[in-house]
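Survey of secondary and tertiary structure
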Amino acid sequence: METLAGLKQLEGQFGLVGDKVLALKAKLEDLLWRAQRIANSQKNGMLNPDTMFGYDLQHFRRDVRAFSTEISVLPVLLGSIERTAAHDERAVKYAQVVMRLSVRISQTLRGLHETAILAHQHLRSADLKIEAWYLAQEIEELVMKGQGLPTAANKIVIITSTPTPAAAPPGEPPKS
């Protein structure tokens, strides 16, 4: 029962984290679009049309740092459920959902990192380029934190779906 309750809680938490990662990705795509526009205007010799870009980039970086603390809890929770997990047919469905969500989070984090690198490459101003570089590094740390989530979730699926061998009567070897 403990595994089932933990997986239900993780399902909700992974869903929220997945939604936050998608929201971060949308904000970063907006920043990328603005960076492309700024680079294009600088290439054409025009003034920077977006004076708030630097502030928004710093604000987004602060959001990423705050999100980093949220995501650092997930591997710990998965590990504790993995250590206490046992065969439970009712928990298999929730374990599979958690696994799908963990794969989604991991893939979205990788896409977030690629977008951050693209934004960094488009910037020409030195101070903005440095800020974008630090942002890309912090997002890379997020990717590292989320990289092991699918593996741990898969182990939970295997543990909950594989029945344990029946106990053998005294004096007989266990059946395998």
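As the structure is a prediction and not an experimental result, all values here were calculated from the model. (Residues numbered from 1 in each chain as written. Predicted model: local features only at pLDDT ≥ 70, side-chain atom pairs only at ≥ 80, totals over all residues. Heavy atoms only, no water.)

This part covers the nonpolar core. Core analysis: the largest hydrophobic core is formed by 42 residues, its most contacted members being Phe14, Leu78 and Leu109. When residues of this core are assigned to their parent elements, the largest contribution, eleven residues, is made by helix H1 (residues 2–43). Excluding residues that lie within four positions of it along the chain, Phe14 makes contacts with Leu74, Leu78, Val98, Leu101, Ser102, Ile105 and Leu149. (Core = buried A, V, L, I, M, F, W, Y, C linked by side-chain atoms within 4.5 Å. Buried < 20%, exposed > 50% of the residue type's maximum accessible area, 1.4 Å probe, protein only. Helix = DSSP H or I, 4+ residues; strand = E, 2+ residues; numbered from the N terminus. Contact = heavy atoms within 4.5 Å.)

Right, let's get into the packing of H1 against helix H2 (residues 53–71). Taken N-terminus to C-terminus, the directions of H1 and H2 make an angle of 160°; their axes are 11 Å apart at the nearest point. In this view, H1 runs roughly antiparallel relative to H2, as classed from their interaxial angle. Both H1 and H2 take part in a crossing whose hand is left-handed. Where H1 approaches H2, its residues Val17, Lys20, Val21, Leu24, Lys27, Leu28, Leu31, Arg34, Ala35 and Ile38 are matched on the opposing element by Phe53, Asp56, Leu57, Phe60, Asp63, Phe67, Glu70 and Ile71. The residue makeup of the contact of H1 with H2, split by class, is twelve nonpolar, no polar and six charged. (Axes fitted to C-alpha atoms, helices over the stretch in contact; angles between N-to-C directions. Parallel < 35°, antiparallel > 145°, perpendicular 65-115°, else oblique. Left-handed = near helix turned anticlockwise from the far one by under 90°. Nonpolar A, V, L, I, M, F, W, Y, C, P; charged D, E, K, R; others polar.)

Turning our eyes to something else, we now look at helix H3 (residues 74–84). Turn by turn, an α-helix covers 3.6 residues, leaving residues three or four places apart pointing in a common direction. For H3, the complete set of buried residues consists of Leu74, Leu78, Gly79 and Ile81. Projected down its long axis, H3 shows its buried positions confined to an angular sector of 165°, all on one face. Exposed residues on H3 whose side chains face more than 90 degrees from its buried face are Val76 and Arg83. Buried residues belonging to H3 abut H1, H2, helix H4 (89–122) and helix H6 (149–161). (Arc of directions from axis to C-beta.)

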